[in-house]
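Coordinates in review
Now for the letters of each chain:
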Amino acid sequence: MSIRFDKDARRATNGPMIFFSDPSAMVSLSEEIRGAIESQLAFYAYRMPGDLMISFGSSEHVVEGIGERGFVIAPFLPDMPILTIPYRPAKRNIKADGFQYRFPSTSTPREEHAAEIDAIKSALSTYGTGKIVASRVIVNNGRIDVGSTFAELSRRHPNAFVFCFSTPLTGCWIGASPELLLEASGNGVKTMALAGTRAAGESGEWDCKNLEEQQMVTDFISETLSGNGLDISISPLYTRNAGKVEHLCTDISASSHEPMTTDRIQSILHQLSPTPALCGTPRDVALDTIRQTERFDRGCYGGFCGPFRSPADFSLFVTLRCCCIEMERFCIYVGGGITLRSNTEAEWQETEAKASTIRDALIIE
Ligand SMILES: C=C(O[C@@H]1C=C(C(=O)O)C=C[C@H]1O)C(=O)O
């Protein structure tokens, strides 16, 4: 499959190259991505939910932290550095210290996933409540056509944040995220508590397990934002489609009397990510359990990524429904919230359905 973009594709002087999905277009995103891979440049491409425009940029440099205009990438673990692929040529380059992402060697066996669920339940039984996200990896051989896969994800998931990024530190990731982590415009921010999963279009009420699980995410996000002096407002609970599955969701908006500074945003993000939608609550118990039971590195899965222009203008999404790509193989990451009410077989099926978001869109060369 080839993608054609607007012949007026342009590189802004201090921003990404923009492609429009116009059939008369002449420039191929695939070629840009291939060029960046061949030249060993860091690069990103993203398409905002509901949009037709694709932003692409590449850079020789990757800088540490949030603040500079660019594409932000944060790994799952909150103690790992956040990176930015800057829009403008950077003067410095981050050192590889602190990054040891290792591509998983094999898929998680089913018994290992079941054993993680048991370990989580026993960790949670001490509290009588809480949730922890068990994830697994699906490793496959094959050379992915990154540009065509990006176009296919965009076509299949018009309301998702479609992303692809690559740096020497993180490797190359691609996916279609249904989950906003934090978006700012002016002194206001928006986020969502997205959790609880069932097959898309299922009729009837949501069950107790899913409702409780989603409520834990809403509570955590609301408390985190309120604790940072923001006035929050929470939408009614609704069902949100994400391909073959649907989730429970509440939209949360928050405003601040004080201006949003980079330091303040950095601190909020550090407290927010990973939320219980990807990690769990209590968060320290969840992180410990995940570290002890998962025998692979989550890398960027469960972290966040997206464009950052200023502390009052950015859109960051949870990095999920994604895979990490190497030259001849790829690894899909997928997970689900485990509570004391979880059923092991149902949790496996849920991860299979979530994996289809990315699996069905992959175009192998
Ligand atoms: C963990 C994933 O998804 C998250 C977990 C969900 C759940 O447990 O029901 C639902 C949406 C996401 O917040 C994933 O897709 O890998």
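Heads up: the structure comes first, above all this text.
So, how was this worked out
Residues numbered from 1 in each chain as written. Predicted model: local features only at pLDDT ≥ 70, side-chain atom pairs only at ≥ 80, totals over all residues. Heavy atoms only, no water. Helix = DSSP H or I, 4+ residues; strand = E, 2+ residues; numbered from the N terminus. Buried < 20%, exposed > 50% of the residue type's maximum accessible area, 1.4 Å probe, protein only. Contact = heavy atoms within 4.5 Å. Phe/Tyr/Trp six-rings, centres within 6.5 Å; stacked < 30°, edge-to-face > 60°. Near = heavy atom within 4 Å. Polar contact = N/O pair within 3.5 Å; in protein donor to acceptor, adjacent residues only side chain to side chain. Areas by Shrake-Rupley, 256 points an atom, 1.4 Å probe, with all protein chains shown as cover. Nonpolar A, V, L, I, M, F, W, Y, C, P; charged D, E, K, R; others polar. Pairing = 2+ DSSP bridges. Core = buried A, V, L, I, M, F, W, Y, C linked by side-chain atoms within 4.5 Å.

Along the backbone of the protein chain there are 7 helices and 20 strands. In terms of overall dimensions, the protein chain has C-alpha extents of about 55 × 50 × 45 Å along its principal axes. Scored against the burial criterion, the 365 residues of the protein chain give a buried share of 56%. For the protein chain, the share of sequence-separated contacts (at least 6 apart) that also reach a separation of at least 24 residues comes to 69%.

What follows deals with the packing of aromatic side chains. Across all of its chains, the model carries 15 aromatic pairs by this definition. On the basis of an interplanar angle of 5 degrees and a centroid distance of 4.2 Å, the ring pair of Phe161 and Phe317 is categorised as stacked. Here Phe161, found in strand 9 (residues 161-167), pairs with Phe317, found in strand 18 (residues 313-318); they are 156 residues apart in sequence, far enough to count as distant. Residue class for Phe317 comes out buried when judged on its relative accessible area of 5%. Arranged with centres 5.1 Å apart and planes meeting at 40 degrees, the rings of Trp173 and Tyr333 form a pair that is tilted.

In this section: the environment of His270. Topologically, His270 is positioned in helix 5 (residues 262-272). When the C-alpha atoms of His270 and Asp79 are compared, they prove to be 8.7 Å apart, with 191 residues separating the residues in sequence.

Let's shift gears to the environment of Tyr87. Secondary-structure assignment places Tyr87 in the loop between strand 7 (83-86) and helix 2 (110-125). Along the backbone, Tyr87 and Tyr301 are 214 residues apart, and their C-alpha atoms lie at a distance of 23 Å.

This part takes up the site of the ligand. The environment of the ligand is made up of 18 residues, and the closest members are Glu179, Thr197, Tyr301, Arg321 and Gly337. In the model, an oxygen atom of the ligand is placed 2.7 Å from a nitrogen or oxygen of the Gly337 main chain. Within the complex, the protein chains bury 100% of what would otherwise be the 390 Å² of accessible surface of the ligand. When contributions to the shell around the ligand are tallied by element, the ones reaching two or more residues are strand 12 (188-199), strand 20 (329-338) and helix 7 (344-359). Of the residues belonging to the shell around the ligand, the class tally is 7 nonpolar, 6 polar and 5 charged.

Across the 10 residues that make up strand 20, a large majority, 9, are buried. The sheet contact formed by strand 8 (residues 131-141) and strand 20 spans 10 bridges and is antiparallel. Looking across to strand 20, one finds that Val139 is bridged to Cys331. In this structure, strand 19 (residues 322-325) lies alongside strand 20, joined through 4 bridges in antiparallel fashion. Across the sheet, Cys323 pairs through a bridge with Ile332, a residue of strand 20. Linking two consecutive strands that pair antiparallel, namely strand 19 and strand 20, is a turn of 3 residues.

This paragraph deals with the pairing of strand 9. Burial analysis of strand 9 places 7 of its 7 residues in the buried class, which makes it a mostly covered element. The pairing of strand 3 (residues 42-47) with strand 9 spans 5 bridges and is antiparallel. Along strand 9, the bridge assignment pairs Tyr44 with Phe165. The sheet contact formed by strand 9 and strand 10 (residues 171-177) spans 7 bridges and is antiparallel. Its bridge partner lying in strand 10, Phe165 is registered against Trp173. In this structure, the hairpin formed by strand 9 and strand 10 is closed by a connection of 3 residues.

Time to look at the nonpolar core. Counting residues in hydrophobic clusters, the biggest one holds 64 residues, and the most contacted among them are Phe71, Phe165, Trp173, Phe304 and Tyr333. Ranked by residue count, the leading element in this core is strand 12, at 5 residues. Those residues in contact with Phe304 that sit more than four places away from it in its chain are Ile66, Val72, Ile73, Ala74, Ile82, Leu181, Leu269, Ser273, Leu316, Phe317, Val318 and Thr319.

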